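Each chain is listed here by its residues.
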Amino acid sequence: NLAAVRNTRLLCPEVVLGICYLEAPPDPVAVAREHSALVVHHYWGTVREATVRAAHGAGLWVGAWTVNDGAEASRLAVLGVDAIATDAPGRLRAGLRNV
């Protein structure tokens, strides 16, 4: 809810904000900048190398949610994702051991 992000920024300018996407807009970096967000948090299946590169190039963090597969966590780590949300930390730990 971008209105909630905008209002939060007005009420709490010191808070680190992120925008969470199920389906990212054509330019998630522009949306993040427009709303003073520092994180773009994507559904794990939509994260691509270009997504991470563009966000990092703009000084933004990239998160992926909800990753419950070790191999997928490994793929995201190799892409350079900064944070991964999970319901299965044990599976992710095993998948990330060799990254």
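Residues numbered from 1 in each chain as written. Predicted model: local features only at pLDDT ≥ 70, side-chain atom pairs only at ≥ 80, totals over all residues. Heavy atoms only, no water.

A. Representation of the pairing of strand E2 (residues 39-43). Looking at chain direction, strand E1 (residues 18-21) and E2 are connected through 4 bridges and run parallel. Along E2, the bridge assignment pairs Tyr21 with His42. Two elements, E2 and strand E3 (residues 61-65), share 5 bridges in a ladder whose sense is parallel. Pairing of His42 across the sheet is with Ala64, part of E3. Assessed by its sense of winding, the connection that carries the chain from E2 through helix H3 (residues 49-57) to E3 is right-handed. (Pairing = 2+ DSSP bridges. Helix = DSSP H or I, 4+ residues; strand = E, 2+ residues; numbered from the N terminus. Right-handed = clockwise from strand over helix to strand, strands pointing away.)

B. How the structure looks around H3. Considered for burial, the residues of H3 that qualify are Thr51, Val52 and Ala55. All buried residues of H3 lie within an arc of 95° about the axis, which places them on one face of the element. H3 presents Arg53 and Gly57 as exposed residues on the side facing more than 90 degrees away from its buried surface. For H3, the secondary structure elements touched by its buried residues are helix H2 (28-34), E2, E3 and helix H4 (70-79). Remark: Gly59 follows H3 within two positions and exhibits a positive phi of approximately 80°. (Buried < 20%, exposed > 50% of the residue type's maximum accessible area, 1.4 Å probe, protein only. Arc of directions from axis to C-beta. Contact = heavy atoms within 4.5 Å.)

C. Highlighting the state of the cysteines. Throughout the structure, instances matching the rule amount to 0 disulfides. There is no disulfide at Cys12, and the cysteine sulfur nearest it, in Cys20, is 19 Å away. The class of Cys12 is partly exposed, set by a relative accessible area of 27%. (Disulfide = S-S within 2.5 Å.)

D. Structural view of the pattern of salt bridges. Counted according to the given criterion, the structure contains 2 salt bridges. With its nearest N and O atoms 2.6 Å apart, the salt bridge here joins Arg75 to Glu72. Taken as a pair, Arg75 and Glu72 lie in helix H4 at a separation of 3 residues, close to a single helical turn. (Salt bridge = Lys/Arg side-chain N within 4 Å of Asp/Glu carboxyl O.)

E. The arrangement of the confidence of the model for the chain in detail. Looking at the chain as a whole, the pLDDT averages 93, with 100% of positions reaching at least 70. Ranking the elements of the chain by mean pLDDT puts helix H5 (residues 89-96) last with 86 and E3 first with 97. (pLDDT = per-residue confidence, 0-100.)

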